[in-house]
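Below, each chain spelled out in residue letters.
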Amino acid sequence: MLNNLVPSATMTDEELESYRDRFAARLSQTVPGRKELVVSAAEGCTLRAADGKVYLDMTSGIAVANVGHTRREVVEAVQAQMTRYAHVNVYGRFVVPEQVEIAERLVRAVGGELDTVYLTSSGAESTECALKLARKHTGRPKFVAMERAYHGRTFGALSVSWREQWRTPFEPLLPEVEFVPFDDLEAAAAAIDERTAAVIVEPIQGEGGIRVPSDGFLPGLRELCDRAGALLICDEVQGGMGRAGAWFSHQLWDVKPDIVTCAKAVGGGLPLGAVLARADVFATFLEPALSHLTTMGGNPVACAAGIAAFDVIEREGLVARSAELGDYLRDRLDSVRGQFPDLLTEIRGRGLWCAFEVSVPAQRVAVAMQERGVLVGSVLNSEGTVRVTPPLVITPAEIDVFVGVLRAVLRDIAEEAA
């Protein structure tokens, strides 16, 4: 019976074309173009296509597979949880031990001062919860957000995300959102006032191009929020779980936010997110009761996966490893820049969270690298930002493979232009 439901690991050309056609016919498309790569399996830092090709995955499914794909401990935890229960009445009536366990781990990782957790199932859902919480707790209507920011695509999250091409088709969005340049305290000071409920910021901007602020920016924002009585929301959806060389990227500057949002890698590959704040802040959701609610947030199977992934990160020291190998990755990229300074013009990042600028469309580089067996992130326009977020378990040898392929791609581009 199962064989009739699940495709085989390796497919014929006819089967591959069938899945591509059925994908195009039945799944809503928000990214243009025909999808050629049909996924068969993934393990560690590699992804296998149904035509038998193997790829080095330098994206982690957009910073999700921090402990690697199909990590044994995560798989076993999911299997064990499924034999107990997959879903129960989560918020309202029952104590779910898996929720307690993952919440306690997150509180420990954030440092203990944010002592209460609301579990969600995605980053956008975490953003929505945080915005509602800030507005209700402060009684204020305004939000200050950053240029180049990305917080999700639901209405509230989109309202505090910056790109006009994402926002304009869905306006009107939330009123009283003011954008200021990232890493500009003077502009932030002019925007944060007595009407501001919260400032929402990615301590390191992810979709904006892995942009790292100057050392005074986050501490300065904290001071400005304190002065105005506004909350500071740190979006750690992409920057959490060791990605930047700390459990959460705001910890690199010893800043203490009022609210932290996270998702992506929290679930070890399954949909799980969280919002962390003090108990007195969350208490505002009790008046009236059910001011905020989720059905699938904190799903027990996702929590079990998250517990296992968290414990792998902690046991194997992957946070410190992220910092160490991130330095190695950027050193190796710098050697490529030395060879092709006109093509590779800038390198940014912290930990295993890295971007580099190329003087040609980034999509051209990404496609050429995929053809050579390496997956990297880019945007579907003329921008030249290539993003790299490999699993934290990546090895120096695998980094060298990535760098070698990038060097070959840039060499080909240089020769074509000569």
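Residues numbered from 1 in each chain as written. Predicted model: local features only at pLDDT ≥ 70, side-chain atom pairs only at ≥ 80, totals over all residues. Heavy atoms only, no water.

Go over the sheet that holds strand 14 (residues 385-388), please, and point to the residues and values.
If you trace the three strands from one edge of the open sheet to the other, you get 11-12-14, paired in antiparallel fashion. Among the strands making up the open sheet, the edge pair consists of strand 11 (344-350) and strand 14. Between one strand axis and the next, the sheet turns by 20 degrees as a mean value, whatever way the strands run. Sheet topology places strand 11 next to strand 12 (residues 353-358); six bridges connect them, and they run antiparallel. Bridging from a neighbouring strand, Gly349 pairs with Cys354 of strand 12. This element, helix 13 (residues 318-339), spans strand 11, strand 12 and strand 14 of the sheet and lies at about 175 degrees to strand 11. (Pairing = 2+ DSSP bridges. Helix = DSSP H or I, 4+ residues; strand = E, 2+ residues; numbered from the N terminus. Axes fitted to C-alpha atoms, helices over the stretch in contact; angles between N-to-C directions. Contact = heavy atoms within 4.5 Å.)

Residues and numbers for the side chain of Glu202, please.
With respect to the helices and strands, Glu202 occurs in the loop between strand 7 (196-201) and helix 10 (217-228). It is Arg387 that comes nearest to the buried, bridge-free Glu202 among opposite-charge side chains, at 9.3 Å. Other than its neighbours up to four places away in sequence, Glu202 contacts Arg148, Ala149, Tyr150, His151, Phe182, Glu207 and Asp235. (Buried < 20%, exposed > 50% of the residue type's maximum accessible area, 1.4 Å probe, protein only. Lys, Arg positive; Asp, Glu negative; His and termini not counted. Salt bridge = Lys/Arg side-chain N within 4 Å of Asp/Glu carboxyl O.)

Describe the nonpolar core, with residues and values.
With 97 residues, the main nonpolar core has Phe356, Phe402 and Leu406 as its most contacted residues. With 10 residues, helix 12 (residues 300-315) is the single largest residue contributor to this core. Beyond its immediate stretch of four places on either side in the chain, Phe402 contacts Leu56, Met58, Leu329, Leu333, Phe356, Met369, Val374, Val376 and Val388. Ranked by size, the runner-up nonpolar core spans 21 residues in total, among them Phe143, Val177, Val275 and Phe285. (Core = buried A, V, L, I, M, F, W, Y, C linked by side-chain atoms within 4.5 Å.)

Can you explain the pattern of salt bridges? Please cite residues and give values.
Counting across every chain of the model gives 32 salt bridges. Notably, a salt bridge pairs Arg72 with Glu73, separated by 3.3 Å at the nearest N-O pair. For Glu73, a relative accessible area of 16% gives the class buried. Salt-bridge contacts for Asp311 lead to Arg105; the nearest nitrogen and oxygen are separated by 2.8 Å. Taken together, the residues Asp311 in helix 12 and Arg105 in helix 5 (residues 97-110) connect sequence positions 206 residues apart. Linked by salt bridges that have partners in common, Arg71, Arg72, Glu73, Glu76, Arg315 and Glu316 make up one network.

Tell me what's going on with the environment of Ala228, and back it up with residues and numbers.
Tracing the backbone shows Ala228 in helix 10. Between the alpha carbons of Ala228 and Glu73 there is a distance of 46 Å; along the sequence they are 155 residues apart.

Requested: an account of the packing of aromatic side chains, with residues and values cited.
Aromatic ring pairs are defined here through the distance separating the ring centres and the angle between the ring planes. Applying the stated criterion across every chain yields a total of four aromatic pairs. Both rings, one in Phe182 and one in Phe217, keep their centres 5.3 Å apart while their planes meet at 75 degrees; by these two values the pair is edge-to-face. Separated by 35 residues along the polypeptide, Phe182 in the loop between strand 6 (177-180) and helix 9 (185-191) and Phe217 in helix 10 bring together distant segments of the chain. We note that Phe182, like Phe217, is buried. Residues Trp247 and Phe310 carry aromatic rings whose centres are separated by 4.4 Å and whose planes lie at 15 degrees to one another, so their mutual orientation is stacked. On the criterion of sequence distance, the pair formed by Trp247 in the loop between strand 8 (231-235) and strand 9 (259-262) and Phe310 in helix 12 is long-range, its members being 63 residues apart. The pair Trp247 / Phe310 is uniform in exposure class, with both members buried. The lysine or arginine in question, Arg22, covers the ring of Tyr19, its NZ or CZ lying 4.6 Å from the ring centre. Sitting over the ring of Trp253, Arg350 keeps its end group 5.8 Å from the ring centre. (Phe/Tyr/Trp six-rings, centres within 6.5 Å; stacked < 30°, edge-to-face > 60°. Lys NZ or Arg CZ within 6 Å of the ring centre and 35° of its normal.)

So, helix 5: which residues are in play, and what are the values?
Taking 1.5 Å of rise per residue, 14 residues should cover 20 Å, and helix 5 covers 20 Å from first to last C-alpha, within 8% of that figure. Looking at helix 5, one finds that the buried residues are Glu98, Gln99, Ile102, Ala103, Arg105, Leu106, Val107, Ala109 and Val110. Residues of helix 5 that are buried make contact with helix 4 (72-84), strand 4 (116-120), strand 9, strand 10 (273-277) and helix 12. A positive phi of about 115 degrees marks Gly111, the residue just after helix 5. (Expected span 1.5 Å × (residues − 1).)

For the sheet that holds strand 13 (residues 374-375), give the residues involved together with the corresponding values.
Taken in spatial order, the four strands make up an open sheet running 1-2-3-13, and their pairing is mixed. The open sheet terminates on both sides in strands that have one partner only, identified here as strand 1 (39-43) and strand 13. As paired elements, strand 1 and strand 2 (residues 46-49) share four bridges and run antiparallel to each other. Looking at the pairing, Ala41 lines up with Arg48 of strand 2.

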